[in-house]
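Chain and residue survey
Residue-level listing of the chains:
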Amino acid sequence: MTENSLPGDPPIPLILRRSAQAKRISLRISQLDGRVTLTLPKRVPEREALQFAYEKESWIRKHLAARGDDVAVGIGTLLPVGGQMYEVAAGSGRRVQFEGGRVAVPGAPARVGLRLAGHLKEIARARLAEASDNYAALLGKPYQAITLRDTRSRWGSCTAEGRLMYSWRLILAPPDVLDYVVAHEVAHLAEMNHSPAFWAQVSRIYGDYAGPRQWLRRQGSDLHRYRFDLAS
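Some remarks on the packing of aromatic side chains
Under the definition given, this model contains seven aromatic pairs. Ring centres of Tyr-180 and Tyr-206 lie 6.1 Å apart, and the angle between their planes is 70°; on these two criteria the pair is classed as edge-to-face. Residue Tyr-180 is found in helix α4 (residues 175–187), and its partner Tyr-206 is found in the loop between α5 (196–205) and α6 (210–219); the two are separated by 26 residues along the sequence. Taken together through their ring pairs, the aromatic side chains of Tyr-135, Tyr-180, Phe-198, Trp-199, Tyr-206 and Tyr-209 make up a single cluster.

What follows is the structure, given as structure tokens:
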């Protein structure tokens, strides 16, 4: 892959990717991180792909504007936790504390994002483990282990060996959304597919999943806009 950019204010980075399967130039904007990727057939010159992007510039900028900017988490940031908005504030002592509509984070301002991310991962691990235990018991099948990652392509996964993986950012979502993802992955312990039998298991252990599933499709990408590794 190579990188170019569309000039303008601001410039837009472009990622060029060649594919043996591509029959024409295609353009994709990731709703997770805003990356603009041009996929082109093996023998198409890069200049043609760049010209294609120039012709689509207004469309690209419109979609990037609709997505919104990334948010550097720091003092004063409004951050969702469990679906509720909290203002990040300077704290004292040694512990991160939720106080009403504020989350107080001690330490140097430049490290507030990283400190808060570490705390949220601890909460996420406990919450996801509890939900996994509950749904595995309802399903009647045990899992082997849980790992947390900051995945962008999926919210969770389940291996044939019974290992569950979740995005720790689920702790930012409403509780019913987190529970749905856990029930979804746990149901794979019984059905390693997305057949009607699988969805029947999800319904059996979770109930009506239409609401949280739609929330993830419409708003889930917003959870990836929060950057904990940048000082504000």
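Having put the structure on the table, let's press on.
Some remarks on the pattern of salt bridges
Applying the stated rule across the entire model yields five salt bridges. In this structure, Arg-61 and Glu-57 form a salt bridge, with 3.0 Å as the shortest nitrogen-oxygen distance. Highlighted residues: Arg-61 and Glu-57, both in helix α2 (residues 57–67), separated by four residues, approximately one helical turn. The class of Arg-61 is partly exposed, set by a relative accessible area of 24%. We classify Glu-57 as partly exposed; its relative accessible area is 24%. A salt bridge links Arg-227 to Asp-229, with the shortest nitrogen-to-oxygen separation between them at 3.0 Å.

Description of the packing of α4 against α5
Two elements in contact, α4 and α5, have axes whose closest approach is 9 Å; the angle formed by their N-to-C orientations is 130°. With respect to α5, the element α4 is oriented oblique. Classified by chirality, the crossing of α5 by α4 is right-handed. Between α4 and α5, the contacting residues are Tyr-180, Ala-183, His-184, Val-186 and Ala-187 on the first element and Phe-198, Trp-199, Gln-201, Val-202 and Ile-205 on the second. Class assignment for the residues of the contact of α4 with α5 results in eight nonpolar, two polar and no charged.

Examining the packing of α4 against α6
Between α4 and α6, whose axes approach to 9 Å, the crossing angle comes to 100°. Considered as vectors, α4 and α6 are oriented roughly perpendicular to each other. Touching Asp-176, Val-177, Tyr-180 and Val-181 of α4 are Pro-212, Arg-213, Trp-215 and Leu-216, all from α6. Of the residues assigned to the contact of α4 with α6, the class counts are six nonpolar, no polar and two charged.

Parameters and conventions
- Residues numbered from 1 in each chain as written.
- Predicted model: local features only at pLDDT ≥ 70, side-chain atom pairs only at ≥ 80, totals over all residues.
- Heavy atoms only, no water.
- Phe/Tyr/Trp six-rings, centres within 6.5 Å; stacked < 30°, edge-to-face > 60°.
- Helix = DSSP H or I, 4+ residues; strand = E, 2+ residues; numbered from the N terminus.
- Salt bridge = Lys/Arg side-chain N within 4 Å of Asp/Glu carboxyl O.
- Buried < 20%, exposed > 50% of the residue type's maximum accessible area, 1.4 Å probe, protein only.
- Axes fitted to C-alpha atoms, helices over the stretch in contact; angles between N-to-C directions.
- Parallel < 35°, antiparallel > 145°, perpendicular 65-115°, else oblique.
- Left-handed = near helix turned anticlockwise from the far one by under 90°.
- Contact = heavy atoms within 4.5 Å.
- Nonpolar A, V, L, I, M, F, W, Y, C, P; charged D, E, K, R; others polar.

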